Amino acid sequence: MKLRDAQSDTEVPWVERETLVEATPEEVWEALTDEDRLEEWMAPEVELDPVEGGEIAVRDGEDHRTGTIETFEESERFAFTWSRPGEGESFVEFTIEALPGGSRVTVVETPIGPSAIAFGAWTSRLARLHRSLSFTLVA
Amino acid sequence: MRAPAHRHVDSVFIALADPTRRRVVETLARGGTVTASGLASQLPMTRQAVAKHLSALRGADLVSMSRVGRETHYKLRPQPLDEAAHWIQMVSAEWDDRLEALRRSLAKRGSRAQ
């Protein structure tokens, strides 16, 4: 996903990470959306109703999050919201892109909620600002 | 540690929605404690415009104010920014770990298939 500029600030994710894997998009899709496969890498306990509108529950010891699947486009895009009890929700989206000999997997996570419009805009700016402020923040 | 970013950062982002205010924040970050006039001299805007932006930033708790004689001094309070930045750093690190685990899980499958 490209970072957009001021016009569509709300679409800029707060967190965006990616990895390259030696696997086809179909293999990646299975690892992202099959409960047993998710438990190999995501968290020790994952429950997933693999349809749009289905529920997702992720538990890692005391850390428990639940949410709803927003997008379920086979071998391409998998998105859900999740939150811990009493905390704000985030939107998480995986995108799978075929590459020669493998795939690129990108994940974004952005807080949503009452302030969704204001949220989302500042990941890159904040990160930059944070760096420029680091001398103050460390103190 | 995650909750504060969700609950309190809203006003910070609204305050920083204005690019001019972000410049005011950056200038404050460099300048330590300054007056509105001092800030205006470093920015392409009037003292009145600076005062308006400082007021909005105070509303988001990003700027503190103190009286020194006849002057009003302003200082950046970076804590609200720190909460949001902390969330970003923490969640980025979590996804780096998970994606690495995903990569390993896929590699294991791949080598078994061969």
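Residues numbered from 1 in each chain as written. Chains lettered and ligands numbered in written order. Predicted model: local features only at pLDDT ≥ 70, side-chain atom pairs only at ≥ 80, totals over all residues.

Caption draft 1: Expanded view of the overall build of chain B. Summing up its helical and strand segments, chain B has five helices and two strands in all. Listed N to C, the secondary structure of chain B is α-α-α-α-β-β-α in terms of helices and strands. The 114 residues of chain B split such that 32% are buried. Pairs at least 24 apart in sequence give 57% of the contacts found in chain B among residues at least 6 apart. (Helix = DSSP H or I, 4+ residues; strand = E, 2+ residues; numbered from the N terminus. Buried ≥ 20, exposed ≤ 12 C-beta atoms within 10 Å, placed from the backbone. Contact = placed C-beta atoms within 7 Å.)

Caption draft 2: Inspection of the nonpolar core at higher detail. Among the nonpolar cores identified, the biggest contains 49 residues, and Val28(A), Val105(A), Leu57(B) and Leu62(B) are the most heavily contacted of them. Ranked by residue count, the leading element in this core is helix H5 (residues 79-113) of chain B, at nine residues. Contacts of Leu62(B), omitting those with residues within four sequence positions, involve Val12(B), Ala15(B), Val25(B), Leu57(B), Leu76(B), Arg77(B) and Pro80(B). (Core = buried A, V, L, I, M, F, W, Y, C linked by C-beta atoms within 7 Å.)

Caption draft 3: Inspection of the pairing of strand E3 (residues 55-60) of chain A at higher detail. All names here are of chain A. In this sheet, E3 lies alongside strand E2 (residues 45-48) in antiparallel orientation, the contact comprising four bridges. Bridging from a neighbouring strand, Leu-48 pairs with Ile-56 of E3. Inspection of the sheet shows E3 paired to strand E4 (residues 63-73) by six bridges, in the antiparallel sense. Across the sheet, Ile-56 pairs through a bridge with Gly-67, a residue of E4. In sequence, E3 turns back onto E4 through a hairpin of two residues, with Gly-61 there showing a positive phi of about 65°. (Pairing = 2+ DSSP bridges.)

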